[in-house]
Number of protein chains: 2
Amino acid sequence: MSKKVTVALDAMSGDHGLSETLPAALVSLTELPHLTLLLVGNEQMIRDQLGEQLAKWGERLTIINASQVVEMDETPSKVLRSKKDSSMRVAINLVKQGSAGACVSSGNTGALMATAKFVLHTIPGIDRPAIISPLPSHKGHTHVLDLGANIDSSAEQLYQFALMGSELVRAIEGIDNPTVGLLNVGEEEMKGNQQVKEAFQLLSDSPLNFIGYVEGDDICMGDVDVVVTDGFVGNISLKAMEGITRLIVSSLKQCFSSNLLSKLSAVVAMPVLKAFKQLFDVRKYNGASLIGLRGIVIKSHGSSDQIAIANAIKVAAVEIENDVPNRISSRVEEILAARGRV
Amino acid sequence: MSKKVTVALDAMSGDHGLSETLPAALVSLTELPHLTLLLVGNEQMIRDQLGEQLAKWGERLTIINASQVVEMDETPSKVLRSKKDSSMRVAINLVKQGSAGACVSSGNTGALMATAKFVLHTIPGIDRPAIISPLPSHKGHTHVLDLGANIDSSAEQLYQFALMGSELVRAIEGIDNPTVGLLNVGEEEMKGNQQVKEAFQLLSDSPLNFIGYVEGDDICMGDVDVVVTDGFVGNISLKAMEGITRLIVSSLKQCFSSNLLSKLSAVVAMPVLKAFKQLFDVRKYNGASLIGLRGIVIKSHGSSDQIAIANAIKVAAVEIENDVPNRISSRVEEILAARGRV
């Protein structure tokens, strides 16, 4: 049996708040028998909406009151200053205190990142946290970071991203020495900007399984386990990929409903179309990790529904089980010590 | 009737050379009655492979001999120095001399950009050329630049890209005042790196129809005509989008061939699947423009087949008909003069 895990869920977060976080909580408790959930938010509202469910789950479901909510458009600095009793902040505090092994929030990314960094601090040797998530590939998936925590990243920071990404994949996927690629405009060594060229050198000299530069289409190719880039490029590429995926799926739907004959063929093809739609259901990929912190923080998409949020809770559980922050911390210490000795 | 247009085709270029460029030439001559083609390359080889076709097309098809070929992996500096009689260079020379209104090449992008810049020079007021191409959207397509001609771009260069992209779309799409968006990680004004923030200011103060920041998924959304970014981000995003498109299309194929029942439904759905496949046929989008030069140069994808190359020739013809470089030049002059007066 898996070891017990406790996740703090920012129940007030996301575009839909309690109406999606609470059903997600109940789904997760059913699916993951080793899970305990701390629901953070307005206690009265949560109690009212849960009704009999609260008593049913006993010790596995606890409400932690928080009087404030972080809005989607608030600046990180304002949130840090004036939202000290927000559901987001309280959820992160629970991780800091050790009451929860991870927290999950669908709230404002900038505020989540700033609060997590302020409360939990980064791992020694890591300058800034990064956002990492698996993306679909021909062979399963590829983990890409940074997906938007940072705008400009130095070569040293890109190197740190590689180190963290590699260890995360090692921990949760059980791949012994994950391959790492550095995102660039071409595979030739002469190409790329200054940061990328310097990062190439740092990575070549590192103990990581660095395979060199990769291009945008290598993300989905599946021949590399971890793809490293700065948050500006990572975030824009991710959203561009999401945009064209939505376009393709909606065009397919349109093609199948353009006339009577195509509508009939859609009926025949329905099982196949359903299987296809599930393959590219973005909710399956919900739950990006803020790595580089002394604790586990999972960012769920703002527009998440219960299925998406339940998936983010699953990601949190897997990272707790595999002790991801401590593993990253040990690996960073080991590599930094080795660099010091050179 | 459209005015007559002459296009110089780098017949030796691309992964498949003459075996795809020559059929593409014949297709284009058939489809575009106002087109004259100058086939640039090894005269004997072209003559042998064309056979009777050469005489058939009379003055509309001429061979221009060139003794060298630019290889895909040669550096731009080496090509500039030692490939002065390459099919690529000779084709660009024909544009310079006014013998052709445009040239089309599926050759090495770096070499093409460097040679075009060296031979044709940039438009006064434009620091560096950029690569622009339409990408599919929910409402037709969105023109995106720079797709990889430049690695780092200053705010002033991003501003110039916007100016050129806007005028190109005005010229070829007949949109009076195209909307322009600046690619960023969020729509809030506080986000983004230094170049992007400065470019935002320049664009806000310009006469362009600037709608502010757009995100990666806005490329396919269709609510903006021109999306501006630097070549590093543009190239990586483009390739990431190509990668996931291939993944989705191949997954759909797999879903339809997973068992006997799904194979049967594929037979029924065949007309729909064909229509869908055509929608996302990348060959339809082949033909990226190198803009900012005193002449028209169209880059065709290295792996292009005849259908893709014929499409690039069509793009060249449209740009000649609409006198794109002169229109960009006038617009740049007008705007620079207005800026000087402020």
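Residues numbered from 1 in each chain as written. Chains lettered and ligands numbered in written order. Predicted model: local features only at pLDDT ≥ 70, side-chain atom pairs only at ≥ 80, totals over all residues. Heavy atoms only, no water.

**Considerations on the overall build of chain A**
Helix and strand content of chain A: 13 helices and eleven strands. What you see for chain A is a C-alpha radius of gyration of 21 Å, in line with the 20 Å of a compact globule of 342 residues. Seen along its three principal axes, the alpha-carbon backbone of chain A occupies a region of about 60 × 60 × 45 Å. Counting only contacts in chain A whose residues sit at least 6 apart along the sequence, the fraction spanning at least 24 positions is 71%. Taken as a whole, chain A presents about 14000 Å² of accessible surface, with 52% of it coming from carbon and sulfur. Distance from the positive charge centre (32 side chains) to the negative charge centre (38 side chains) of chain A: 4 Å. (Helix = DSSP H or I, 4+ residues; strand = E, 2+ residues; numbered from the N terminus. Rg over C-alpha atoms; globule rule 2.2 N^0.38 Å. Contact = heavy atoms within 4.5 Å. Areas by Shrake-Rupley, 256 points an atom, 1.4 Å probe, with all protein chains shown as cover. Lys, Arg positive; Asp, Glu negative; His and termini not counted. Charge placed at Lys NZ, Arg CZ, Asp CG, Glu CD.)

**Some details on the packing of helix H1 (residues 18–31) of chain B against helix H12 (residues 306–321) of chain B**
Residue and element names in this part refer to chain B. Where H1 contacts H12, the two axes come as close as 8 Å, and the packing angle between them is 50°. On the basis of the axis angle, H1 is oblique to H12. Handedness of the H1/H12 crossing: right-handed. Contacts between H1 and H12 pair Glu20, Thr21, Pro23, Ala24, Val27, Ser28 and Glu31 from the former with Gln306, Ile309, Ala310, Ile313 and Lys314 from the latter. By residue class, the composition of the contact of H1 with H12 is six nonpolar, three polar and three charged. (Axes fitted to C-alpha atoms, helices over the stretch in contact; angles between N-to-C directions. Parallel < 35°, antiparallel > 145°, perpendicular 65-115°, else oblique. Left-handed = near helix turned anticlockwise from the far one by under 90°. Nonpolar A, V, L, I, M, F, W, Y, C, P; charged D, E, K, R; others polar.)

**A short note on the relation of the copies chain B and chain A**
Between chain B and chain A, which share one sequence, the superposing operator has a rotation angle of 180° and an axial displacement of 0.0 Å; the RMSD is 0.0 Å. Such values leave the two copies arranged in the relation of a two-fold axis. A shared binding surface is used by both copies, with 100% of the interface residues of chain B retained as interface residues in chain A. (Least-squares fit on C-alpha atoms with pLDDT ≥ 70 in both.)

**Section: the sheet that holds strand E6 (residues 140–145) of chain A**
Whether parallel or antiparallel, the strands of a sheet pair through hydrogen bonds between backbone atoms. All names here are of chain A. Here we have eleven strands laid out as an open sheet, ordered E3-E2-E1-E4-E11-E10-E5-E6-E9-E7-E8, and mixed in their pairing. At either margin of the open sheet sits one strand with a lone partner, and together these are strand E3 (61–65) and strand E8 (209–214). Averaged over all neighbouring strand pairs, the angle between strand axes comes to 25°, with direction disregarded. Where strand E1 (residues 5–10) and strand E2 (residues 35–41) come together, six bridges link them in parallel fashion. Bridging from a neighbouring strand, Val5 pairs with Leu35 of E2. Where helix H1 (residues 18–31) meets the sheet, its contacts fall on E1, E2 and E3, and the angle it forms with E2 comes to roughly 170°. (Pairing = 2+ DSSP bridges.)

**Thoughts on the environment of Leu61 of chain A**
Residue and element names in this part refer to chain A. Relative to the helices and strands, Leu61 is located in strand E3. The class of Leu61 is buried, set by a relative accessible area of 4%. If near-sequence neighbours (up to four positions away) are discounted, Leu61 is found in contact with Leu26, Leu29, Leu37, Leu39, Leu50, Gln53 and Leu54. (Buried < 20%, exposed > 50% of the residue type's maximum accessible area, 1.4 Å probe, protein only.)

**Description of the confidence of the model for chain A**
Averaged over every residue, the pLDDT of chain A is 92; residues scoring 70 or more account for 98%. Predicted complex, confidence summary: ipTM 0.91, pTM 0.92. (pLDDT = per-residue confidence, 0-100.)

**Some details on empty space enclosed by the protein**
Residue and element names in this part refer to chain A. Tallying each qualifying case throughout the model produces five cavities of 30 Å³ or more. A volume near 60 Å³ is recorded for the largest cavity. Taken together, 14 residues make up the lining of the largest cavity; nearest its centre are Leu290, Ile291, Gly295, Glu319 and Pro325. Residue assignment for the lining of the largest cavity shows that the elements contributing at least two residues are strand E10 (288–291), strand E11 (296–299) and helix H13 (324–341). Grouping the amino acids of the lining of the largest cavity by side-chain chemistry returns ten nonpolar, three polar and one charged. Volume-wise, the second largest cavity comes out at about 50 Å³. (1 Å grid on protein atoms, 1.4 Å probe; cavity = no way out; pocket = protein on both sides within 12 Å on 5 of 7 lines; lining within 4 Å. Points joined across faces, edges and corners; volume = space filled by probe spheres on them.)

**Notes on unusual backbone geometry**
All names here are of chain A. In the segment running from Leu145 into Asp146, the intervening peptide bond is cis, with an omega of 5°. Within the secondary structure, Asp146 is located in the loop between E6 and helix H7 (155–173). Phi angles above zero are rare outside glycine, and His121 is one such case at about 65°. Tracing the chain through its elements places His121 in the loop between helix H6 (109–120) and strand E5 (130–137).

**What about the interface of chain B and chain A?**
Each partner contributes to the interface: chain B provides 48 residues, whereas chain A provides 48 residues. For the pair chain B and chain A, the summed buried surface comes to about 4400 Å²; carbon and sulfur atoms form 80% of the total. Counting the contacts that link chain B with chain A gives four salt bridges. Residues Asp217 of chain A and Arg246 of chain B are paired through a salt bridge, measuring 3.2 Å at the closest nitrogen-oxygen approach. On the surface where chain B and chain A come into contact, there are six residue pairs in polar contact (both at pLDDT 80 or more). Residue assignment for the side of chain B that touches chain A shows that the elements contributing at least two residues are strand E5 (130–137), helix H9 (218–221), helix H10 (231–256) and helix H11 (260–279) of chain B. The leading source of residues in the side of chain B that touches chain A is H10 of chain B, at 20 residues. (Buried area = accessible area lost by both parts, 1.4 Å probe. Salt bridge = Lys/Arg side-chain N within 4 Å of Asp/Glu carboxyl O. Polar contact = N/O pair within 3.5 Å; in protein donor to acceptor, adjacent residues only side chain to side chain.)

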